[in-house]
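So you can see what is in the structure, the chains are spelled out below.
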Amino acid sequence: MTAQLIADALVRGSTIALLAVGLTLVYGTMRFANVAHMEFATLGAYATVTMSSVFIVPVAAATGVLLAIALGLASYQLVFRRLLAKGETSAMIGSLAVSIVVQAAVQLCYGTRPREIPRELERATSILGAELTPSQIRLVAVSLAALALTGALLRWTPLGKKVRAVAADPALARVSGVAERRVIAAVWAIAAGLAAVSGIELALQSSATPALGFGLLLPVFSAAIVGGLGSVAGAVIASYGVALVESIALAADVDGVSVPVNYRPAIGFVFLILALVFRPQGLLGVRARHV
Amino acid sequence: MFDYLAWIATLMCVYSMIAVSLNIQAGGAGLINFGQVAFAGMGGYAVAICSRAGLGGWTGLVAGMAAAAVAGYLLGRLGRTLGGVYWAIATLAVAELLRLVISNTNAVAGGTQGISAVAPLWGGLDGIAASAARLALALAFLAASVLVAVHVDRSQLGRSLRIIRENEPLAAGLGIDVVSAKSKALALAGGIAALAGGFHASDLSFVGPDQLLPFETFLALTMVVVGGLGRISGAVAGAVVVEALYDGTRYFHGFLGLANDQIAALRILLVGAILLGFLLLRPNGIIVDRPRRVHV
């Protein structure tokens with residue numbers, strides 16, 4: 001029972017964490033909470049659906065990730081950079097517009113019915129008392145590897161140092177000779193790539209729908225906000241935290257009163273609202289900051 | 001044809017009210033509400049539930065407006081600690097929570113099926129008389145909402161809100177109670193949106209959780225941006241223009257030979273493209289908000 005709870009939280013948390021890290025990185029370097037971030041997951045998943053009719057699934061997935069990165073860079077250059085120049089309100093409303101436009105475009109091209117990436121039937125295996133399918137194990141492994149890679153990149157490479165410099169103080173980074181535009185482009189590429197990995201893994205579990213990414217908006221935002229917008233480590237911890245709270249709340253049974261499974265998304269919302277009311281600076285944040 | 005035009009005109013009135021309400025929040029208080037649809041939904045469901053319970057639609061309308069005003073007031077209080085981004089996401093979460101609760105409470109709210117056969121607010125008329133009565137009522141509600149919004153805009157509260165929007169620390173420094181002003185604006189906006197939602201429910205004679213999708217909020221945001229953030233006339237103009245484009249293209253599938261969900265997607269794309277275009281190319285909208293002289 002407990003093992004299954006933890007396993008479920010690991011799977012769900014891995015999906016959320018890949019998205020929350022990208023969201024928080026973009027926020028950290030640009031002070032921009034991108035509502036359209038989840039759409040990179042949807043785009044990556046659908047690109048993989050299309051490519052998988054030509055290539056084997058791993059190659060299709062790789063092209064899906066590359067396509068999402070290209071779209072991430074293009075959308076920043078064409079839309080978000082200009083929106084950000086107009087101010088926070090425009091950027092916020094504009095990112096919601098981009099999100100809706102992408103969903104509509106996907107629906108126009110692929111229809112509303114779920115689309116599947118070809119896969120074989122799987123049998124769940126038992127690990128330490130928890131039932132997991134091989135694709136769920138792969139999801140957790142791929143996510144953890146991608147997160148570790150991102151962490152290492154940020155901590156130990158010159159690029160990572162520049163990203164952290166821009167996040168800490170854009171003006172100071174600029175006068176210190178950091179090419180801010182390049183750093184921001186790199187951040188968008190990382191964020192879009194991680195989101196696409198999450199979307200593809202999710203689509204491999206079940207199927208791709210136009211709302212695949214948008215459906216994760218609130219849990220991802222709760223994870224990023226609870227973790228403290230801008231904090232990568234906080235976002236990862238909070239993602240698994242949100243997932244664990246969801247699993248525990250759904251499994252809890254107090255005198256026959258339990259939370260129906262339909263309310264799964266609500267747990268994330270309540271978590272988010274409580275976090276916003278009581279700890280707006282996030283888990284690892286030290287001071288309240290107004291944005 | 002008269003029915004179709006009356007239907008579009010009625011919808012324009014409903015969305016104008018929702019846009020006016022959103023404009024009080026976004027244009028007035030500078031708060032971007034991503035959960036605007038929740039206010040309208042509360043009005044709609046209150047009318048539907050009360051009319052099914054035999055209490056009458058008008059009772060429901062008043063109850064819904066009161067509930068939305070209280071919800072707005074509380075959301076305004078929440079804005080005490082939250083900056084723009086956090087507040088916007090919190091409102092989206094509240095609206096989605098409401099949609100989820102409504103979808104899952106079958107006994108009271110009809111669950112995913114919704115509630116049908118909501119009694120009309122204009123009594124037992126039919127034919128052209130009903131269309132005319134409903135349009136007249138919609139126009140009356142819109143006029144009342146606009147009058148209230150204009151009154152607030154010119155009042156002490158409206159001036160305080162504009163200072164808050166432009167420079168919140170300055171407003172606080174001038175001795176304006178920022179939280180109280182925001183809460184009042186939100187309560188008022190909630191009431192107006194609930195009036196629109198309640199009327200819309202009796203107009204359609206149906207409420208369902210799909211009416212609470214975030215897309216409805218997005219439509220209202222588009223109207224406010226297209227019309228010009230901050231101007232009441234802008235909100236109404238934006239609602240008329242966007243509604244004409246959105247619902248005017250509802251029956252185009254016959255011409256283009258596309259499937260229904262593709263046409264729906266195209267219409268959404270159209271609205272999204274308009275919003276992005278305005279944000280990028282004409283961020284002040286059709287009717288630009290001018291700086292106004294303030295008499296102290």
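Model, not experiment: these values are computed from the prediction.

Let's talk about helix α8 (residues 180-205) of chain A
In this model α8 of chain A runs 38 Å from its N-terminal to its C-terminal C-alpha over 26 residues, within 8% of the 38 Å that 1.5 Å per residue would give. With respect to burial, α8 of chain A is a largely interior element, 21 of its 26 residues being buried.

Points about the interface of chain B and chain A
Between chain B and chain A, the contact holds 40 residues from the first and 42 residues from the second. When chain B packs against chain A, close to 3,700 Å² is buried across both sides, 82% of that on carbon and sulfur atoms. Inspection of the region where chain B meets chain A yields zero salt bridges. Linking chain B to chain A there are two residue pairs in polar contact (both at pLDDT 80 or more). Only α4 (84-104), α10 (214-227) and α13 (260-281) of chain B provide two or more residues apiece to the side of chain B that touches chain A. Here the side of chain B that touches chain A gets 14 residues from one element, more than from any other, and that element is α4 of chain B. Here the side of chain B that touches chain A is composed, by residue class, of 30 nonpolar, seven polar and three charged.

A look at empty space enclosed by the protein
Residues and elements named next belong to chain B. If you walk through the whole model with that rule in mind, you get two cavities of 30 Å³ or more. Of the voids in this model, the largest cavity is the one considered here, and its volume is about 140 Å³. Taken together, 16 residues line the largest cavity, and the ones lying closest to its centre are N23, I24, G28, D153 and G230. Those elements giving two or more residues to the lining of the largest cavity turn out to be α1 (2-29), α6 (128-154) and α7 (156-166). With five residues, the single largest contributor to the lining of the largest cavity is α1.

A short note on the confidence of the model for chain A
Detailed reading of predicted coordinates is not advised where the pLDDT is low. Summary statistics for chain A give a mean pLDDT of 86 and a share of 95% for residues scoring 70 or more. For residues 287-291 of chain A, every residue scores under 50 in pLDDT, and the model assigns this stretch twelve contacts once sequence neighbours within four places are set aside.

Describing a nonpolar patch on the surface
Residues and elements named next belong to chain A. Taken together, the side chains of I6, L10, L244 and I248 present a nonpolar region at the surface, about 310 Å² in accessible area. Mapped by element, the contributors of at least two residues to the nonpolar patch are α1 (2-30) and α10 (232-251). Within the fold, I248 resides in helix α10.

Rules and cut-offs
Residues numbered from 1 in each chain as written. Chains lettered and ligands numbered in written order. Predicted model: local features only at pLDDT ≥ 70, side-chain atom pairs only at ≥ 80, totals over all residues. Heavy atoms only, no water. Helix = DSSP H or I, 4+ residues; strand = E, 2+ residues; numbered from the N terminus. Expected span 1.5 Å × (residues − 1). Buried < 20%, exposed > 50% of the residue type's maximum accessible area, 1.4 Å probe, protein only. Contact = heavy atoms within 4.5 Å. Buried area = accessible area lost by both parts, 1.4 Å probe. Salt bridge = Lys/Arg side-chain N within 4 Å of Asp/Glu carboxyl O. Polar contact = N/O pair within 3.5 Å; in protein donor to acceptor, adjacent residues only side chain to side chain. Nonpolar A, V, L, I, M, F, W, Y, C, P; charged D, E, K, R; others polar. 1 Å grid on protein atoms, 1.4 Å probe; cavity = no way out; pocket = protein on both sides within 12 Å on 5 of 7 lines; lining within 4 Å. Points joined across faces, edges and corners; volume = space filled by probe spheres on them. pLDDT = per-residue confidence, 0-100. Patch = residues over 30% accessible without salt bridge, like charges linked within 9 Å, V, L, I, M, F, W, Y side chains within 5 Å. Areas by Shrake-Rupley, 256 points an atom, 1.4 Å probe, with all protein chains shown as cover.

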